[in-house]
Structures are given as structure tokens and as C-alpha cells.
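Descriptive analysis of the structure
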Amino acid sequence: RNWLSSTRLQFFPNNPEGVSDAIGYDFQVGNRCFEVKGHLQFPSFFILSSNEWKVAQELGENFTLVGVVLHPTPRIAYIYPNLASFVNSGKLSLDSRSYTVRTTEKM
């Protein structure tokens, strides 16, 4: 019930209620929303959809981006609570044409 993206259907195909890729995040716990990006190795950048960025700005401190490196062992690579504040403060750079966000350090 907290997992809202359509990826959930790959694991729980008989539970489509509440699934939506249009909301701009993957999970919701209370009023906190989480977008998860998967990577094969530690990334120097990630790409948001224009909707994910719009939602990140609207939700502010209630939007967290989590990056997961999947190989060789799944692990969290980064966590950006209030993603918009990281971009707005210059700690991350956002290319507004491609919605590519550049990271330079592990969190």
C-alpha cells in the first residue's frame, strides 16, 4: 500500500489498487514521499522526469530521493532529503533541459 509505482506490479501483479507513475514518486509513508533511483555502479548523475522535479519542489521537505546501487550487492548510494533544497543551495546541479542532476560526493 505504500509502494505506489507500477514496478510494484512486477512483484504483486494481483494488487493494482493505488498504482500510479504520474504522482512523481515511488513510495509514500505518512506524508513523506520517496523517489528511488537504481544504478549498476555509484553514479555521478541521475535523471529525473520533469514531473519528479515538479513534485520535489512542491513537496519540499516531504520529498526524499534515494539512490540504490544494485551491483554487486544492493546498497544505498545516496539519500537527498528535501531534494529541491540541495539543488537550490547549489550542492547539486540540475540541467533544466534534460533534468539531469549531477552528484559529486557520497552521502
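Everything below is about the structure printed above this text.
Residues numbered from 1 in each chain as written. Predicted model: local features only at pLDDT ≥ 70, side-chain atom pairs only at ≥ 80, totals over all residues. Heavy atoms only, no water.

1. Brief notes about the packing of aromatic side chains
Inspection of every chain in the model, using the stated rule, returns seven aromatic pairs. Look at W3 and F11: their rings are 5.6 Å apart centre to centre, the planes differ by 35 degrees, and that puts the pair in the tilted class. Judged by centre distance (6.3 Å) and plane angle (85 degrees), the ring pair of W3 and F12 falls under edge-to-face. Aromatic rings pair up to connect W3, F11, F12 and F27 into one cluster. It is K91 that lies over the ring of F86; its NZ or CZ is 5.8 Å from the centre. (Phe/Tyr/Trp six-rings, centres within 6.5 Å; stacked < 30°, edge-to-face > 60°. Lys NZ or Arg CZ within 6 Å of the ring centre and 35° of its normal.)

2. Examining the pairing of strand β5 (residues 75-81)
Direction of pairing for strand β4 (residues 63-69) relative to β5: antiparallel, over a ladder of six bridges. Opposite G67, over in β5, you have Y78 as the bridge partner. (Pairing = 2+ DSSP bridges. Helix = DSSP H or I, 4+ residues; strand = E, 2+ residues; numbered from the N terminus.)

3. What to know about the pattern of salt bridges
Throughout the structure, instances matching the rule amount to four salt bridges. Across the salt bridge formed by E35 and K37, the nearest N and O atoms sit 3.3 Å from each other. With a closest N to O distance of 3.7 Å, K54 and E58 form a salt bridge. With a gap of four residues between them, K54 and E58 both fall in helix α2 (residues 50-59), about one helical turn apart. Several salt bridges converge on common partners, so that one network encompasses E35, K37 and E52. (Salt bridge = Lys/Arg side-chain N within 4 Å of Asp/Glu carboxyl O.)

4. Observations concerning the sheet that holds strand β6 (residues 93-95)
One open sheet accounts for three strands, arranged β3-β7-β6; its pairing is antiparallel. The sheet terminates laterally at β3 (45-47) and β6, the two strands that pair on one side only. Across the sheet, the axes of successive neighbouring strands diverge by a mean angle of 20 degrees, strand direction being ignored. (Axes fitted to C-alpha atoms, helices over the stretch in contact; angles between N-to-C directions.)

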